[in-house]
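Per-entry structural report
One-letter residues, chain by chain:
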Amino acid sequence: MLEDLGLTPLEESVYRTLLKRLDASAREVVAECGAHDDPRGAAAALEALRARGLVTMSPDGTRFVATSPAEVLGAELVEGRERLNRAELALAGLVEAYRVGSMGRAQRELMEIVEGTEAVRRRYVQMQLTARSSIDFFATGGHRAVGPDTTQEDRALQRGVRLRGVVDEEFLSQPEGSNNLDASLAGGARVRTVREIPLKLIICDGEVAMLPLHGQGSEVNPSLVLRGGPVNVARALFEAVWERARPYTERIREIEAVDARLMRLLLAGLTDATAAAQLGLSTRTVQRRIQSLMVRAGVTTRLQLGWHARDRRWV
């Protein structure tokens, strides 16, 4: 019964014998606890009990005396409880460390922060180069990491990757903005325009996405790379914006290429002056061309011209 306190069956038998007699010689202990066949074992038990303080010797050194179990075993129980409490606290700390570590691993699998403009550029280009089936993106002005001279979208198009992009008025207002779009269209990309995009974004194969960590209007450094479930949010955002965006196409019918480009820029929301800068024309020349198109379409307002251009597939 005292095994839980660290006593062997023989030690327990010897100790109980002494508790009843209070003191006894070694021979008496052996006789009373029935250890005639193992006197050495009984002697070893007495020494073990002495070592734990459960047994002491009489002043003349001939008899063994039992000490109070409350003083010795009670103290050991208190110490055991303290060790158990410390062990429980240590175990709780280990469990928490494991939980945090596991959560950290899961988070690293789902999202990653990329810091440094050069690192963002490398990751963006890497995503373009490794895309297998599709690339969807939002683009606006002010190239921070990836510009026309570093993008790899032409190589993706050559591999047969489907490209869809939504650009905003700020993008079209940038130098060479419309020329870059024309090059993308010529390569097979599909492009639409909105007044303002929610944030910069690229999604590859519907499986991995990258966007600025701090959202709309922020620098691309640092950026957040998403995988797994969080990518679904980015995909839903892209599809929602794509559905309401205006097509920006290279479908020229009956009019000169410069006029088709002019109409696309105007339909994208650019002013006459901004469109003129994109086309390398003066504002007055752009206005004259618009007036000429209105006469040709037989309309009296720019709104009517826009409807006519869509209807006649000029853009």
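Since we're looking at a predicted model, the values are computed, not measured.

**What to know about the confidence of the model for the chain**
Averaged over the chain, the pLDDT score is 82; the fraction of residues at 70 or greater is 87%. Looking over the chain, one finds the lowest element-wise mean pLDDT in helix α4 (residues 69-110), namely 71, and the highest in strand β8 (residues 201-204), namely 93.

**Some details on the packing of helix α1 (residues 9-21) against helix α3 (residues 39-52)**
It is at 9 Å that the axes of α1 and α3 come closest, and there the two elements cross at 75°. Our classification of the angle between α1 and α3 gives roughly perpendicular. For the pair α1 and α3, the contacting residues are Leu10, Glu11, Val14, Tyr15 and Leu18 in the first and Gly41, Ala42, Ala45, Leu46, Ala48 and Leu49 in the second. Split into classes, the residues belonging to the contact of α1 with α3 amount to 9 nonpolar, 1 polar and 1 charged.

**Structural notes on the sheet that holds strand β1 (residues 23-24)**
Ordered in space as β1-β3-β2, the 3 strands form an open sheet in which the pairing is antiparallel. Both outer strands of the open sheet, β1 and β2 (55-57), are each paired with one neighbouring strand and no more. In this sheet, strand β3 (residues 64-66) lies alongside β2 in antiparallel orientation, the contact comprising 3 bridges. Residue pairing for β3: Met57 is matched across the bridge by Phe64.

**Here we look at the pattern of salt bridges**
In the structure shown here, the tally under the stated rule is 18 salt bridges. Glu256 serves as the salt-bridge partner of Arg289, at 3.2 Å between the closest nitrogen and oxygen. Residue Arg289 is located in helix α12 (residues 283-297), and its partner Glu256 is located in the loop between β11 (246-248) and α10 (257-267); the two are separated by 33 residues in the primary sequence. Overall, Arg289 belongs to the partly exposed group, its relative accessible area being 23%. Among the ionic contacts, a cluster of salt bridges with common partners joins Asp136, Arg162, Arg164 and Glu239.

**Structural notes on the nonpolar core**
Grouped together as the largest cluster of nonpolar side chains are 48 residues, with contacts concentrated most on Ile135, Leu163, Leu172, Ile202, Leu305 and Trp314. Here Leu163 is in contact with Ile135, Phe137, Glu153, Ala156, Leu157, Ala189 and Arg190, once residues within four sequence places are set aside. Counting residues in hydrophobic clusters, the runner-up holds 17 residues, among them Val166, Ile197, Ile203 and Leu211.

**A closer look at the packing of α12 against helix α13 (residues 302-311)**
Two packed helices can be described by the angle between their axes and the distance between those axes. The N-to-C vectors of α12 and α13 enclose an angle of 65°; their axes lie 10 Å apart at closest approach. Comparing the axis directions of α12 and α13 gives the class roughly perpendicular. In this structure, the crossing between α12 and α13 has a hand that is left-handed. In this structure, α12 contributes Gln287, Ile290, Leu293, Met294 and Ala297 to the contact, and α13 contributes Arg302, Leu305 and His308. Partitioned by chemical class, the residues of the contact of α12 with α13 number 5 nonpolar, 2 polar and 1 charged.

**Some points on the sheet that holds strand β10 (residues 223-227)**
With mixed pairing, 8 strands are arranged side by side in an open sheet as β4-β10-β9-β8-β5-β6-β7-β11. Either end of the sheet is taken by a strand with one partner, and the two such strands are β4 (111-114) and β11. On average, each strand axis in the sheet is tilted by 20° relative to the strand beside it, whichever way the strands run. Sheet analysis places strand β5 (residues 134-139) next to strand β6 (residues 162-168), joined by 6 bridges and oriented parallel. Within β6, the residue paired with Phe138 across the bridge is Val166.

**Concerning helix α9 (residues 229-244)**
Note that an α-helix has 3.6 residues per turn; residues three or four places apart therefore point the same way. If you check α9, its first and last C-alpha atoms are 24 Å apart, about what 16 residues at 1.5 Å a residue would give, namely 22 Å. Listed in full, the buried residues belonging to α9 are Val231, Ala234, Phe238, Val241 and Trp242. Taken around the axis of α9, the buried residues stretch over an arc of 105°, which confines them to a single face. Exposed positions of α9 whose direction lies more than 90 degrees from the buried face are Val233, Glu243 and Arg244. Here the buried face of α9 lies against β5, β6, β7 (190-194), β8, β9 (208-212) and β10.

**Some words on unusual backbone geometry**
Of note in the backbone geometry, Asp205 takes a positive phi value of approximately 60° without being a glycine. Tracing the backbone through its elements, the reader meets Asp205 in the loop between β8 and β9. Take Asp205: its relative accessible area is 14%, and that puts it in the buried class.

Thresholds applied
- Residues numbered from 1 in each chain as written.
- Predicted model: local features only at pLDDT ≥ 70, side-chain atom pairs only at ≥ 80, totals over all residues.
- Heavy atoms only, no water.
- pLDDT = per-residue confidence, 0-100.
- Helix = DSSP H or I, 4+ residues; strand = E, 2+ residues; numbered from the N terminus.
- Axes fitted to C-alpha atoms, helices over the stretch in contact; angles between N-to-C directions.
- Parallel < 35°, antiparallel > 145°, perpendicular 65-115°, else oblique.
- Contact = heavy atoms within 4.5 Å.
- Nonpolar A, V, L, I, M, F, W, Y, C, P; charged D, E, K, R; others polar.
- Pairing = 2+ DSSP bridges.
- Salt bridge = Lys/Arg side-chain N within 4 Å of Asp/Glu carboxyl O.
- Buried < 20%, exposed > 50% of the residue type's maximum accessible area, 1.4 Å probe, protein only.
- Core = buried A, V, L, I, M, F, W, Y, C linked by side-chain atoms within 4.5 Å.
- Left-handed = near helix turned anticlockwise from the far one by under 90°.
- Expected span 1.5 Å × (residues − 1).
- Arc of directions from axis to C-beta.

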